[in-house]
Amino acid sequence: MKVPVMKPRFRPKEYESFVLYPYHIFHIRLHYKRLGLNDKILNYYGYIDLRRMGMERGDGVIDIEEWEVDEKMVMKPVVTDYEELKNFAMKKAVEWAALRVISWWHPLVKVVEDKKAYKIFWAYKKDGKMFLMDSFNGREYPIDKILEIMTKK
């Protein structure tokens with residue numbers, strides 16, 4: 001199957017496999033009116049985790065590549081309702097902007113761009129142990145520790 005994948009920034013030298021984790025990316029523009037001052041326009045880039053409904057803020061929309069992958073490598077999203085995702089992203093953008101702009105008026109909030117894409121987690125061996133690496137920040141997670149945490153729940 002063909003899927004949109006966030007272009008990886010980090011990758012181990014050799015990997016055995018990978019997992020694609022679902023996200024929805026939003027570019028939101030906020031337009032604030034301000035009394036006695038010029039209007040203020042802010043851009044917000046939010047990455048919504050479609051498994052846990054958490055959101056990370058970015059500096060822009062990351063480059064997307066199209067990959068042909070085995071369906072088994074793709075994690076299914078838990079949150080799929082577009083309106084719920086859009087409203088969540090817009091709310092978070094307004095909360096973030098409220099820390100930066102003083103205005104009596106609620107901003108005009110507009111979705112400029114949005115797209116679904118997958119983040120890559122590389123599976124590889126290091127010193128005889130299996131690890132996952134986050135393709136955005138290069139952090140390594142020992143798989144045995146992840147399994148240990150999951151089995152305690």
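### A look at the overall build of the protein chain
Here's step 1: In terms of regular secondary structure, the protein chain is built from 2 helices and 8 strands.
Here's step 2: Here the C-alpha radius of gyration of the protein chain, 19 Å, is well above what a compact globule of 153 residues would show, namely 15 Å.
Here's step 3: In terms of its C-alpha atoms, the protein chain occupies a principal-axis envelope of roughly 65 × 30 × 30 Å.
Here's step 4: A separation threshold of at least 6 residues defines the contact pool for the protein chain, and within that pool the share at least 24 residues apart is 69%.
Here's step 5: Taken as two groups, the 29 positive and 23 negative side-chain charges of the protein chain have centres that lie 5 Å from each other.

### Re the confidence of the model for the protein chain
Here's step 1: On average, residues of the protein chain score 94 in pLDDT, and 99% of them are at 70 or above.
Here's step 2: Ranking the elements of the protein chain by mean pLDDT puts helix H2 (residues 143–152) last, at 80, and strand E1 (residues 2–6) first, at 98.

### Describing the nonpolar core
Here's step 1: If you look at the biggest cluster of nonpolar residues, it comprises 20 residues, and the most contacted ones within it are Ile28, Leu30, Tyr32, Leu42, Ile48 and Leu85.
Here's step 2: The set of elements that each furnish at least two residues to this core consists of strand E2 (17–32), strand E3 (40–49) and helix H1 (82–98).
Here's step 3: The element best represented in this core is H1, accounting for 8 residues.
Here's step 4: Leu85 has contacts with His24, Phe26, Ile48, Leu50, Met53 and Val79, leaving out every residue within four places of it along the chain.
Here's step 5: Counting residues in each nonpolar core, the second largest holds 13 residues, with Trp67, Val69, Ile120 and Tyr124 among its members.

Criteria and thresholds
- Each chain carries its own residue numbering, running from 1 in the written order of its sequence.
- Local features in this predicted model are restricted to residues of pLDDT 70 or higher, and side-chain atom pairs are both shown and tallied only at a pLDDT of 80 or more, whereas totals for entire chains, interfaces and linings draw on every residue.
- In computing side-chain properties, one takes all heavy atoms of the structure into account and sets aside hydrogens as well as water.
- Only DSSP runs of H or I reaching four residues or more are called helices, and only runs of E reaching two or more are called strands; each is numbered from the N terminus.
- Our radius of gyration is a C-alpha quantity, and the globule rule it is checked against amounts to 2.2 Å times the number of residues to the power 0.38.
- Contact criterion: two residues are considered in contact whenever any of their non-hydrogen atoms come within 4.5 Å of each other.
- Here the positive residues are Lys and Arg and the negative ones are Asp and Glu; neither His nor the chain ends is included.
- By convention, the point assigned to a charge is CZ for Arg, NZ for Lys, CD for Glu and CG for Asp.
- A score between 0 and 100, pLDDT records how confident the predictor is in each residue.
- We call a set of buried residues a nonpolar core when its members are Ala, Val, Leu, Ile, Met, Phe, Trp, Tyr or Cys and they connect through side-chain atoms within 4.5 Å of each other.
- Whether a residue is buried, partly exposed or exposed follows from its accessible area with a 1.4 Å probe, protein chains only, as a fraction of its type maximum: under 20%, in between, or over 50%, in that order.

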